[in-house]
Amino acid sequence: QVQLVESGGGLVQAGGSLRLSCASSGRTFGTYAYFRQAPGKEREFVAAIRGSGSTNYYADSVKGRFTISRDNAKNTVYLQMNSLKPEDTAVYNCAARNNFCLSDGCYTTRANYNYWGQGTQVTVSS
């Protein structure tokens, strides 16, 4: 049974940093992504990484502040979040799909991902 296990959330002050981890049990996927959902809002795309990590894609709201990376030897994906803002407060979920995404729309569409982690809370205080 495939599992995505997330860790690394927590409480941080505005301007601080956190690193989220997403470990996949026993296999490597073609594309990984992070989505987030704030209270009262729809789940939104944050970042994605394809293949060996040469192709990354970010939401405009996090571009320049967040970095997604992967370690295929550990079957783990990381989301480094710097310069955090209160509006980054949300539950963050990692997601994975078997195949590579080949278009921007593929990365950002929730239905394109087959597997989801349990979510981790990120709270940024002002």
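Residues numbered from 1 in each chain as written. Predicted model: local features only at pLDDT ≥ 70, side-chain atom pairs only at ≥ 80, totals over all residues. Heavy atoms only, no water.

## Considerations on unusual backbone geometry
One non-glycine residue, Asn75, lies in positive phi territory at about 50°. Structurally, the position occupied by Asn75 is in the loop between strand 7 (66-71) and strand 8 (76-81). Although it is not a glycine, Ser83 sits at a positive phi angle of roughly 50°. Relative to the helices and strands, Ser83 is located in the loop between strand 8 and strand 9 (90-97). By relative accessible area, which is 41% here, Ser83 ends up partly exposed. (Helix = DSSP H or I, 4+ residues; strand = E, 2+ residues; numbered from the N terminus. Buried < 20%, exposed > 50% of the residue type's maximum accessible area, 1.4 Å probe, protein only.)

## Brief notes about the packing of aromatic side chains
For the structure on display, the rule yields 8 aromatic pairs. Judged by centre distance (5.5 Å) and plane angle (75°), the ring pair of Phe35 and Tyr113 falls under edge-to-face. Of this pair, Phe35 sits in strand 4 (residues 31-37) while Tyr113 sits in the loop between helix 1 (104-108) and strand 10 (115-116); the two residues are 78 residues apart in sequence, bridging distant segments of the chain. Look at Phe35 and you get buried, because its relative accessible area is 0%. Aromatic side chains Phe45 and Tyr57 sit 5.7 Å apart centroid to centroid with 40° between the ring planes, which places their arrangement in the tilted category. (Phe/Tyr/Trp six-rings, centres within 6.5 Å; stacked < 30°, edge-to-face > 60°.)

## Section: the sheet that holds strand 3 (residues 18-24)
Pairing in this open sheet of 4 strands is antiparallel, and the strands run 1-3-8-7 from one edge to the other. Edge positions in the sheet fall to strand 1 (4-7) and strand 7, since each has one partner strand and no second. When the angles between neighbouring strand axes are averaged without regard to direction, this sheet yields 15°. Of the strand pairs in this sheet, strand 3 and strand 8 are connected by 6 bridges, and their pairing is antiparallel. Within the sheet, the bridge partner assigned to Leu18 lies in strand 8 and is Met81. (Pairing = 2+ DSSP bridges. Axes fitted to C-alpha atoms, helices over the stretch in contact; angles between N-to-C directions.)

## A short note on the environment of Arg65
Among the secondary structure elements, Arg65 is positioned in the loop between strand 6 (55-58) and strand 7. Overall, the relative accessible area of 11% leaves Arg65 in the buried class. Along the sequence, Arg65 and Ser52 sit 13 residues apart, while their C-alpha atoms lie 21 Å from each other. Excluding residues within four positions of it along the chain, Arg65 makes contact with Gln80, Met81, Asn82, Ser83, Leu84, Lys85 and Asp88. (Contact = heavy atoms within 4.5 Å.)

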